[in-house]
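Each chain, written out:
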Amino acid sequence: MIDVCLLGTGGMMPLPYRALTSLMLRYNGSSLLVDCGEATQISVRRRGWSFNPIDVIFITHFHADHISGLPGMLLAMGNADRTEPVTIVGPQGIEHVVRSLCVIAPRLPFELRFIELDRAKDSETLELCGLRVNAFKVNHNMLCYGYSFELDRAGKFDAEAASALGLPVQLWGKLQNGEVVEHEGKIYTGDMVMGPPRKGLKITYTTDTRPTDRICEEALGADIFICEGMYGEKDEESFSKAKEKKHMTMYEAAEIARKAQPKQLWLTHYSPSMIKPEQYEDAVCEIFPGAVISKDRRTVELKFED
């Protein structure tokens, strides 16, 4: 089970009615945060979630609306009695940028650790907090990454196969957990008593980019695909601004979802000039019926399919 909360849905600047785009995941006692613009900690409080369990913070890129709230968030975490190390993942240079921002937060009660993504690679896979995380480059006007979070699910335990092998019940749990066991001089492994892997859970998150084939590949079969929809108007001016500033329209995001077929598309990162993004919902859903015009703190509990 993974709790997913889109803390904010705004781009460029926080507004009285719309926080900046940020994502928070909770799994197995840990929290993971993606992006941290101004006042992100307020959205966490409004959702009623805690700062203390945030073990990893992922940064997509170094524009202010995605990282300038980090000192305040780290201070809030310290005030919540956080003492364990916090890992920060981001583009090359992330440690220098964060250390510079944290001049105003010099006495944190926990260690900061950094994972700098290799600029020479188009993607990197990390194992963090029990999840597999794939960081992939997107197409913005500076180095920027999207992130996919996956939780695998093992196959079903085959009790008949275990019994046929003559394995005592006391060893079944170890094999289910992937351990190698020895019984009566023979070695047994989990693949001998487990069925094929079942469908796991997947969340793909990307903002601040033009459409790319890689985004489509990453969103393929996702339970939730969170993608920017900076502009909703269908006029030529909006498409020209999207191309010029390396952003995406709602309709371009929906086209990616139509190809990738996630269960849901959550649109986010709206332009401050877009007062009522929901007015474009019908037009977007004509392209991809599973599209959602997200609002701040949209939350879902993802569970494995039975």
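Reading guide: rules and limits
Each chain has its residues counted from 1, running along the sequence as written. Only residues with pLDDT of at least 70 get local features here, since the model is predicted, and only at 80 or more are side-chain atom pairs given and counted; chain-wide, interface and lining totals rely on the full set of residues. To obtain the side-chain values, all non-hydrogen atoms of the structure were included, while hydrogens and water were left out. The helix and strand labels rest on DSSP assignments: H or I over at least four residues marks a helix, E over at least two residues marks a strand, and numbering proceeds from the N terminus. Residue contacts are defined here by distance: any two heavy atoms, one from each residue, within 4.5 Å place the two residues in contact. The salt bridge criterion pairs a side-chain nitrogen of Lys or Arg with a carboxyl oxygen of Asp or Glu, the two atoms within 4 Å. Only protein chains enter the accessibility calculation, which uses a 1.4 Å probe; a residue is then buried when its area is under 20% of its type maximum, exposed when over 50%, and partly exposed in between. Pairing of aromatic side chains requires ring centres within 6.5 Å, counting the rings of Phe and Tyr and the six-membered ring of Trp. Pairs whose planes differ by under 30 degrees are stacked, by over 60 edge-to-face, and all others tilted. Two limits define a charge over a ring: the Lys NZ or Arg CZ must be within 6 Å of the ring centre, and within 35 degrees of the ring normal.

Peer 1: Report on unusual backbone geometry, specifying residues and quantitative values.
Peer 2: Its identity as a non-glycine residue notwithstanding, Cys129 has a phi of 55 degrees, on the positive side. With respect to the secondary-structure elements, Cys129 resides in the loop between β7 (123-128) and β8 (131-137). Even without a glycine there, the phi angle at Asp208 is positive, about 55 degrees. Here Asp208 is to be found in the loop between β12 (198-206) and α7 (213-219).

Peer 1: For the environment of Ile187, give the residues involved together with the corresponding values.
Peer 2: Positionally, Ile187 belongs in strand β11 (residues 186-188). Through-space distance from the C-alpha of Ile187 to that of Val169 is 16 Å; in sequence the pair is 18 residues apart. Excluding residues within four positions of it along the chain, Ile187 makes contact with Val180, Val181, Glu182 and Met192.

Peer 1: Can you explain the pattern of salt bridges? Please cite residues and give values.
Peer 2: Tallied over the full model, the rule gives 15 salt bridges. Note that Arg99 and Glu95 form a salt bridge whose closest N and O atoms lie 3.5 Å from each other. You can see Arg99 and its partner Glu95 sitting in helix α4 (residues 94-101), four residues apart, about one turn around the helix. Residue Arg99 is classed as partly exposed on the basis of its relative accessible area of 43%.

Peer 1: An account of the packing of aromatic side chains is needed here, citing residue identities and associated values.
Peer 2: The tally for this structure, following the rule as stated, stands at three aromatic pairs. Relative to Phe149, the ring of Phe58 lies with its centre 5.3 Å away and its plane at 85 degrees, an arrangement referred to as edge-to-face. In this pair, Phe58 is assigned in strand β4 (residues 54-58) and Phe149 in strand β9 (residues 145-153), connecting sequence segments 91 residues apart. No difference in accessibility class separates Phe58 from Phe149, as the two residues are buried. Between Tyr147 and Phe149 the ring centres are 6.4 Å apart and the planes differ by 35 degrees, which places this aromatic pair in the tilted class. Look at Tyr147 and you get buried, because its relative accessible area is 0%. Above the face of the Trp49 ring, Arg26 is positioned so that its terminal group lies 3.9 Å from the ring centre. Across the ring face of Tyr251, the terminal group of Lys234 is positioned such that the distance to the ring centre comes to 5.0 Å.

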